[in-house]
Amino acid sequence: MELKLSASYDATPEEVFAIVTDTTFREQACEKTKALSYDVQVSTSGADTIVRVSRKMPAVDIPDMAKKFVGDTLTVVQTETWHAPAADGSRKADVSGEIANTPVTLKGTASIAQNGSQTVQAIDLDVKVAVPLIGKKLEPTVVDAIRAGLVKEHDLGREWAAK
């Protein structure tokens, strides 16, 4: 199931990139999403910047048919590989993730680009729940949970950009 989301910032692409690749920002985003525990790693590989976030989340609002897969907590692991900036300062990233020990995966792209006086961070993900018969029924629940977390992260990003 597709998930598209974007947020606008009163900042340059370079400033938004600095925010989304900042370890403290990502830790605060984990706290805003009520992670029980988390691990944030930011590293470089050549011209790429890699952000890996693993967060243990309480398994709340899980449909009954999914509870046997998840238990009391979910460990969400997301990796963003941000590539070198284009001539205009825009950036693109490959995004992948999973909910550990479940059949849930996500894959897609993210971008940061100037749009007039603002910078837009956009995310385009394909979320899959690979369970015969019920996977398609569970995907909207997973997408809604991911969207809610991303909205909180974007709100925090706007706070950081305003500093």
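Before going into details, it helps to say that this report is about the structure given with it. Predicted model only: the values in this text are computed from it and were never measured.

## With respect to the pairing of strand E2 (residues 37-45)
- Alignment of E2 against strand E3 (residues 48-58), held across 9 bridges, turns out to be antiparallel. Of the residues in E3, the one forming a bridge with Val40 is Val53.
- Hairpin geometry of E2 and E3 is characterised by an intervening segment of 2 residues between the two adjacent antiparallel strands and by a positive phi of about 65° at Gly46.

## Re the pairing of strand E7 (residues 118-129)
- As paired strands, strand E1 (residues 2-9) and E7 are joined by 8 bridges and run antiparallel to one another. Looking at the pairing, Tyr9 lines up with Thr119 of E7.
- Alignment of strand E6 (residues 104-115) against E7, held across 12 bridges, turns out to be antiparallel. Its bridge partner lying in E7, Asn115 is registered against Gln118.
- Turn length for the E6-E7 hairpin, with the two strands adjacent in sequence and antiparallel, is 2 residues, and the turn residue Gly116 shows positive phi of about 70°.

## Some thoughts on helix H2 (residues 23-32)
- Among all positions in H2, only Phe25, Arg26, Ala29 and Cys30 are buried. Viewed end-on, H2 has its buried residues packed into an arc of 140°, placing them on one side of the element.
- Packed against the buried residues of H2 are helix H1 (13-20), E2, E3, strand E4 (73-82) and helix H4 (135-162).
- Put simply, Asp22 is the residue that caps the front of H2, since its side-chain oxygen is 2.8 Å from the backbone nitrogen of Thr24.
- Downstream of H2 by a residue or two, Lys34 has a phi angle that is positive, lying close to 65°.

## A look at the pattern of salt bridges
- In the structure shown here, the tally under the stated rule is 8 salt bridges.
- Between Asp155 and Arg158 there is a salt bridge, with the nearest N and O atoms lying 3.0 Å from each other. A residue pair is termed a helical-turn pair when its members lie 3 or 4 positions apart in one helix, as Asp155 and Arg158 do in helix H4 at 3 residues.
- A relative accessible area of 36% places Asp155 in the partly exposed class.
- Linked through salt bridges whose partners overlap, the residues forming this network are Arg26, Arg55, Glu80 and Glu153.

Analysis parameters
Residues numbered from 1 in each chain as written. Predicted model: local features only at pLDDT ≥ 70, side-chain atom pairs only at ≥ 80, totals over all residues. Heavy atoms only, no water. Pairing = 2+ DSSP bridges. Helix = DSSP H or I, 4+ residues; strand = E, 2+ residues; numbered from the N terminus. Buried < 20%, exposed > 50% of the residue type's maximum accessible area, 1.4 Å probe, protein only. Arc of directions from axis to C-beta. Contact = heavy atoms within 4.5 Å. Polar contact = N/O pair within 3.5 Å; in protein donor to acceptor, adjacent residues only side chain to side chain. Salt bridge = Lys/Arg side-chain N within 4 Å of Asp/Glu carboxyl O.

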